[in-house]
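Chain by chain, the residues:
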Amino acid sequence: MDTDVFGRLPKVDLHLHLDGCVKPETVLDWAKAEGVPLPSSDPEGLLRYMKVDEGCNSLVEYLDKFGFVLPFLQTEASLERCAYETVERAAADNCIYIEVRFAPLLHVERGLSADRAIEAVLRGLRKGEEAFGVRARAIAICMRHHSARTNLEVVEAAARHYGRGLVAVDLAGDEAGHPPAKFRDVFALAREYRLPRTIHAGEAGGPDNVAEAVEGLGAVRIGHGVRSRENPRVLELLKDRRIPLELCPTSNVQTKAVSGWHDYPIRDYIERGIAVTINTDNPTVSGTSMTRECRSLAERLGFTVPEIARLMANAIDYSFLDSGEKDVLRAEFDRRMAAIDVSIA
Ligand SMILES: [Zn+2]
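Throughout this description, disulfide means a covalent bond between two cysteine sulfur atoms. Using the criterion set out here, one finds zero disulfides in the structure. Note on Cys21: no disulfide assigned, nearest cysteine sulfur contributed by Cys82 at a separation of 6.6 Å. Its relative accessible area of 3% is what places Cys21 among the buried residues. Cysteine Cys95 is unpaired, with the sulfur of Cys294 as its nearest cysteine sulfur at 8.5 Å.

Laid out in structure tokens, this is it:
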């Protein structure tokens, strides 16, 4: 198989965290400007502190890596730059559309408001769109370790930017320690504002969290959901309600949401009629890209190029763009596919 084809394939990444996408070169710039000492003075050496290694044992260990970059992501300038560089990176990976998620309240340590943090990210994404031609939208995350009251603030701020580059809200963080039912009021408010909801569930927690995310919190997409297979009723629920899973294969292997690539349930889900997408989650932390995810699916799980192209075409349908924007994106996808002479399964 020509595995280079995955580099050229037009791709869509619906599950991508802003703070999991920071370049080590950029951290070096920020540290220099602020006079902050770092454990290494070259990008290679610094990457060791930003990326998980083979020894990662859980989602909590994985999330620990974000602590290294978050102190820098506390100004409008750094958020804007990070968002811009996320689009730049996606363009180099031949993505045509990305949804970039971040938790506004993780960026307020130096006095920013949730609104200012959101505006800075939207500005960076917009400038990235103009410079690189990749469409980019934002998703605001409520954090599990924050109180419900604190998270209501995130939903209020998200509602003020809905339709202006922000397309949805999410719930993320330590799933095992904070089950979704705790956040019913938060997502009831999102529902009042008609904000679409995607929720991390069934990653470090079991299938009951997936059911609660859908039935209790009104999720229309599920982040990960790899562990849904542990309960047939939950699989039926996903199928009946046509709830797509945002699978992030490399990340799911690293956080031990599955025991290894041999155990990855994507084919099983497709065969059961469940909608799936593949995504990067955190390109820097996981050491991945959409091209790598596609290649892994082909090499480790036997997916064909047309099958992977189908996943990308489907991801456009499951995106939070409005129907007119989806039509434009589909036309672009078709144009790019014709140029590389690949068909869809
Ligand atoms: Zn995630």
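Another aspect to go through is the sheet that holds strand E1 (residues 11-17). Here we have four strands laid out as an open sheet, ordered E1-E2-E3-E4, and parallel in their pairing. Each having just a single partner strand, E1 and strand E4 (166-172) make up the two edges of the open sheet. Along the sheet, successive strands turn relative to each other by an average axial angle of 25 degrees, direction set aside. Inspection of the sheet shows strand E2 (residues 95-102) paired to strand E3 (residues 135-143) by six bridges, in the parallel sense. Within E3, the position partnered with Val100 by the bridge is Ala138. Lying on the sheet, helix H7 (residues 148-161) is in contact with E3 and E4; it crosses E3 at an angle near 160 degrees. Relative to the sheet, helix H15 (residues 305-318) contacts E1 and E2, its axis offset from that of E1 by approximately 60 degrees.

With that out of the way, let us pick up the packing of helix H2 (residues 24-34) against helix H5 (residues 76-92). In contact at an axis separation of 11 Å, H2 and H5 are set at 165 degrees when each is read in the N-to-C sense. Of the possible angle classes, the one that applies to H2 and H5 is roughly antiparallel. Between H2 and H5 lies a crossing whose hand is right-handed. Where H2 approaches H5, its residues Thr26, Asp29 and Trp30 are matched on the opposing element by Ser78, Arg81, Cys82 and Glu85. Along the lines of polarity and charge, the residues of the contact of H2 with H5 split into two nonpolar, two polar and three charged.

Quick look at the coordination of the zinc ion now. Looking at the zinc ion, the protein donor atoms are His15 (NE2), His17 (NE2), His200 (NE2) and Asp281 (OD), and they sit 2.1 to 2.5 Å from it. Considering all four donor atoms around the zinc ion, angles at the metal cover 85 to 173 degrees and the coordination shape is irregular. Along the chain, the residues donating to the zinc ion are arranged with the sequence spacing H-x1-H-x182-H-x80-D. Pair noted here: His200 is in strand E5 (residues 198-201) and Asp281 is in the loop between strand E8 (276-278) and helix H13 (283-286), with a separation of 81 residues, a long-range link. This pair shows no difference in class: His200 is buried, exactly as Asp281 is.

Let us now look at the side chain of Lys326. Mapping Lys326 onto the fold places it in helix H16 (residues 323-340). Of the side chains with opposite charge, Asp317 comes closest to the buried, unpaired Lys326, at an N-O distance of 6.1 Å. Reaching out from Lys326, the side chain makes a polar contact with the backbone oxygen of Asp317 at a distance of 2.7 Å. Filtering out sequence-adjacent residues up to four positions away, Lys326 remains in contact with Ile316, Asp317, Ser319 and Leu321.

Now for H15. Here H15 is 14 residues long and its end C-alpha atoms lie 20 Å apart, about the 20 Å a rise of 1.5 Å per residue gives. Among all positions of H15, only Val305, Ile308, Ala309, Leu311, Met312, Ala313, Asn314, Ala315 and Ile316 are buried.

Among the nonpolar cores identified, the biggest contains 104 residues, and Leu9, Ile98, Phe187, Ile222, Leu238, Ile266 and Ile308 are the most heavily contacted of them. It is H15 that provides the largest number of residues to this core, a total of eight residues. Once residues lying within four places of it in the same chain are set aside, the contact partners of Leu9 are Asn94, Cys294, Ile308, Ala309, Met312, Met337, Ile340 and Val342.

Quick notes on the rules
- Residues numbered from 1 in each chain as written.
- Predicted model: local features only at pLDDT ≥ 70, side-chain atom pairs only at ≥ 80, totals over all residues.
- Heavy atoms only, no water.
- Disulfide = S-S within 2.5 Å.
- Buried < 20%, exposed > 50% of the residue type's maximum accessible area, 1.4 Å probe, protein only.
- Pairing = 2+ DSSP bridges.
- Helix = DSSP H or I, 4+ residues; strand = E, 2+ residues; numbered from the N terminus.
- Axes fitted to C-alpha atoms, helices over the stretch in contact; angles between N-to-C directions.
- Contact = heavy atoms within 4.5 Å.
- Parallel < 35°, antiparallel > 145°, perpendicular 65-115°, else oblique.
- Left-handed = near helix turned anticlockwise from the far one by under 90°.
- Nonpolar A, V, L, I, M, F, W, Y, C, P; charged D, E, K, R; others polar.
- Donors = N, O, S within 2.8 Å, 3.2 Å for Na, K, Ca; no water.
- Tetrahedral: all angles 85-135°; square planar, octahedral: opposite > 155°, others 65-115°.
- Lys, Arg positive; Asp, Glu negative; His and termini not counted.
- Salt bridge = Lys/Arg side-chain N within 4 Å of Asp/Glu carboxyl O.
- Polar contact = N/O pair within 3.5 Å; in protein donor to acceptor, adjacent residues only side chain to side chain.
- Expected span 1.5 Å × (residues − 1).
- Core = buried A, V, L, I, M, F, W, Y, C linked by side-chain atoms within 4.5 Å.

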